[in-house]
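Residue-level structure breakdown
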Protein chains: 2
Amino acid sequence: MEKTKAIELMETCEAAYLTTIDEKGFPRTRAMLNLKNKKQYPSLAKLFKENNKDFTLYFTTNTSSTKVKHIEKNPKVCIYYCKQNEWHGLMLNGVIELVKDNEIKKKIWQKNWDMYYPGGVNDADYAVLRFKPAYIKGYFKFEQYELKLND
Amino acid sequence: MEKTKAIELMETCEAAYLTTIDEKGFPRTRAMLNLKNKKQYPSLAKLFKENNKDFTLYFTTNTSSTKVKHIEKNPKVCIYYCKQNEWHGLMLNGVIELVKDNEIKKKIWQKNWDMYYPGGVNDADYAVLRFKPAYIKGYFKFEQYELKLND
């Protein structure tokens with residue numbers, strides 16, 4: 001039940017918030033495209049369902065970005081989804097890594113992303129990040145819940 | 001100009017996101033009441049204007065909460081504000097501390113908070129946190145900006 005609610009939240013949020021840790025030990029948060037949003041990225045729903053790993057997440061970013069520098073030194077991150085008007089939040093802890101597999105990068109590529117990466121799917125600045133969860137906590141109204149990981 | 005936009009964002013967001021670092025070194029994010037929201041907390045606008053410290057922030061929480069435990073061990077945090085539909089985000093790094101000054105705790109207290117803290121303003125579980133910024137970065141559409149701190 002809680003797992004269903006958590007997945008529904010991830011699949012409908014406009015954005016996901018990724019927090020990395022910088023070189024001085026400060027956490028840094030920024031909004032990311034939420035590729036798990038089914039309405040915005042219908043073609044990616046299949047990827048997320050593969051192997052039934054509901055909480056393995058993918059994000060796109062620029063290889064040259066600050067967050068990639070942070071992750072290379074410290075892969076511990078937080079992903080957060082939130083609908084403020086529903087008082088519903090989901091916090092995932094885990095590690096994140098740069099995806100080297102070109103097949104996955106191609107699967108994730110969206111046709112209008114040329115505006116971000118003019119060189120297309122092979123643009124050196126097109127990066128994909130894969131997040132694997134270690135701990136998940138949900139906040140719903142005044143209740144908190146922890147999700148057991150089976151993947 | 002950028003400072004004006006940043007303050008306007010903080011004063012109109014529904015929530016603020018606070019990220020602490022847990023005992024295992026993972027960042028953890030959760031939504032907080034945004035006391036800087038002028039419409040929701042008109043009586044607090046004066047407090048935030050005192051001494052012209054635009055980016056000193058206050059939050060309320062439970063003394064018994066996990067975030068207080070994190071902060072006691074590691075005061076380095078991130079505060080993040082975001083309006084997804086405007087592609088506008090503001091990221092503040094700095095340190096946060098428990099406020100011991102009862103006068104400030106009384107100034108911040110809102111009359112309907114008995115539902116969170118049945119003992120009222122003197123409830124041992126009513127905690128106020130004060131954040132002092134060290135670094136501020138804004139994201140607006142495809143641009144990023146850094147704000148100089150003069151307070």
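Our subject is the structure listed above.
Definitions and cut-offs
Residues numbered from 1 in each chain as written. Chains lettered and ligands numbered in written order. Predicted model: local features only at pLDDT ≥ 70, side-chain atom pairs only at ≥ 80, totals over all residues. Heavy atoms only, no water. Helix = DSSP H or I, 4+ residues; strand = E, 2+ residues; numbered from the N terminus. Buried < 20%, exposed > 50% of the residue type's maximum accessible area, 1.4 Å probe, protein only. Contact = heavy atoms within 4.5 Å. Areas by Shrake-Rupley, 256 points an atom, 1.4 Å probe, with all protein chains shown as cover. Lys, Arg positive; Asp, Glu negative; His and termini not counted. Charge placed at Lys NZ, Arg CZ, Asp CG, Glu CD. Buried area = accessible area lost by both parts, 1.4 Å probe. Salt bridge = Lys/Arg side-chain N within 4 Å of Asp/Glu carboxyl O. Nonpolar A, V, L, I, M, F, W, Y, C, P; charged D, E, K, R; others polar. Pairing = 2+ DSSP bridges. Phe/Tyr/Trp six-rings, centres within 6.5 Å; stacked < 30°, edge-to-face > 60°. Lys NZ or Arg CZ within 6 Å of the ring centre and 35° of its normal. Core = buried A, V, L, I, M, F, W, Y, C linked by side-chain atoms within 4.5 Å. Least-squares fit on C-alpha atoms with pLDDT ≥ 70 in both.

Focus: the overall build of chain A
Within chain A, the regular secondary structure consists of four helices and seven strands. Expressed as lengths along the three principal axes of its C-alpha atoms, the size of chain A is roughly 45 × 40 × 30 Å. The buried share among the 151 residues of chain A stands at 52%. By sequence separation, contacts in chain A at least 24 residues apart represent 65% of the contacts at least 6 residues apart. Only carbon and sulfur atoms are counted for the fraction: they give 51% of the accessible area of chain A, which is about 7,600 Å². Computing the positive centroid from 26 side-chain charges and the negative centroid from 19, chain A places the two 1 Å apart.

With respect to the interface of chain A and chain B
Counting from both sides, the interface comprises 31 residues of chain A and, opposite them, 31 residues of chain B. Surface buried jointly by chain A and chain B totals about 2,600 Å² across both partners, of which 61% is contributed by carbon and sulfur atoms. At the junction of chain A and chain B, the tally comes to zero salt bridges. If you list the elements that add at least two residues to the side of chain A that touches chain B, you get β1 (15-21), β2 (27-33), β4 (76-83), β5 (88-98) and β6 (126-140) of chain A. Here the side of chain A that touches chain B is composed, by residue class, of 17 nonpolar, seven polar and seven charged.

With respect to the pairing of strand β5 (residues 88-98) of chain B
Residues and elements named next belong to chain B. Within β5, eight of the eleven residues are buried, leaving the element largely enclosed by the surrounding structure. Note that strand β4 (residues 76-83) and β5 share eight bridges and pair antiparallel. In the strand pairing of β5, Ile 79 is matched with Leu 92. As consecutive antiparallel partners, β4 and β5 are separated by four residues, and within that stretch Trp 87 has a phi angle of approximately 55 degrees, a positive value. Of the pairings in the sheet, the one linking β5 to strand β6 (residues 126-140) comprises eleven bridges and is antiparallel in character. Paired with Leu 98 across the two strands is Leu 129, which belongs to β6.

Details of helix α1 (residues 2-12) of chain B
Three or four residues apart is the spacing at which side chains of an α-helix point the same way, because the helix has 3.6 residues per turn. Those residues of α1 of chain B that fall on the buried side of the exposure criterion are Ala 6, Ile 7, Leu 9, Met 10 and Glu 11 of chain B. Against β3 (57-62), β4, β5 and β7 (143-147) of chain B lie the buried residues of α1 of chain B.

Considering the pattern of salt bridges
All names here are of chain B. The tally for this structure, following the rule as stated, stands at eight salt bridges over all chains. Between Asp 54 and Lys 3 there is a salt bridge; the shortest N-O distance is 3.2 Å. With a gap of 51 residues between them, Asp 54 in the loop between α2 (45-49) and β3 and Lys 3 in helix α1 connect regions that are remote in the sequence. Of the residues examined, Asp 54 reaches a relative accessible area of 5% and is grouped as buried. For Lys 3, a relative accessible area of 28% corresponds to the partly exposed category.

Observations regarding the pairing of β4 of chain B
Residue and element names in this part refer to chain B. β4 sits mainly inside the fold: six of its eight residues count as buried. Of the strand pairs in this sheet, strand β1 (residues 15-21) and β4 are connected by three bridges, and their pairing is antiparallel. Within β4, the position partnered with Leu 18 by the bridge is Ile 79.

Here's the deal with the packing of aromatic side chains
Applying the stated criterion across every chain, the model contains 21 aromatic pairs over all chains. Centroid distance Trp 109 of chain A to Tyr 126 of chain A: 5.0 Å. Interplanar angle 85 degrees. Geometry classified as edge-to-face. Pair noted here: Trp 109 of chain A is in the loop between α4 (102-108) and β6 and Tyr 126 of chain A is in strand β6, with a separation of 17 residues, a long-range link. In this structure Trp 109 of chain A comes out as buried when scored by relative accessible area, which is 18%. For Tyr 126 of chain A, a relative accessible area of 1% translates into the label buried. When the ring centre of Phe 140 of chain B is taken as origin, the NZ or CZ atom of Lys 5 of chain B, which lies over that ring, is 3.8 Å away.

Here's the deal with the environment of Ile 71 of chain A
Its place among the elements puts Ile 71 of chain A in helix α3 (residues 66-73). Along the sequence, Ile 71 of chain A and Thr 19 of chain A sit 52 residues apart, while their C-alpha atoms lie 10.0 Å from each other.

Quick notes on the nonpolar core
One finds Phe 59, Ile 79, Tyr 81 and Leu 90 of chain B to be the most contacted residues of the largest nonpolar core, which totals 38 residues. Discounting residues that sit within four places of it in the chain, Leu 90 of chain B has contacts with Ala 6, Leu 9, Met 10, Phe 55, Ile 79, Tyr 80, Tyr 81, Ile 136, Lys 137, Gly 138 and Tyr 145 of chain B. By size, the runner-up hydrophobic cluster in this structure holds 37 residues, among which are Ile 79, Tyr 81, Val 99 and Phe 131 of chain A.

Observations regarding the relation of the copies chain A and chain B
With an RMSD of 0.0 Å, chain A superimposes on chain B once it is rotated by 180 degrees and translated 0.0 Å along the axis. In short, the pair behaves as if placed about a two-fold rotation axis. Across chain A, the rotation axis passes nearest the C-alpha of Pro 27 of chain A, at a separation of 3.1 Å.

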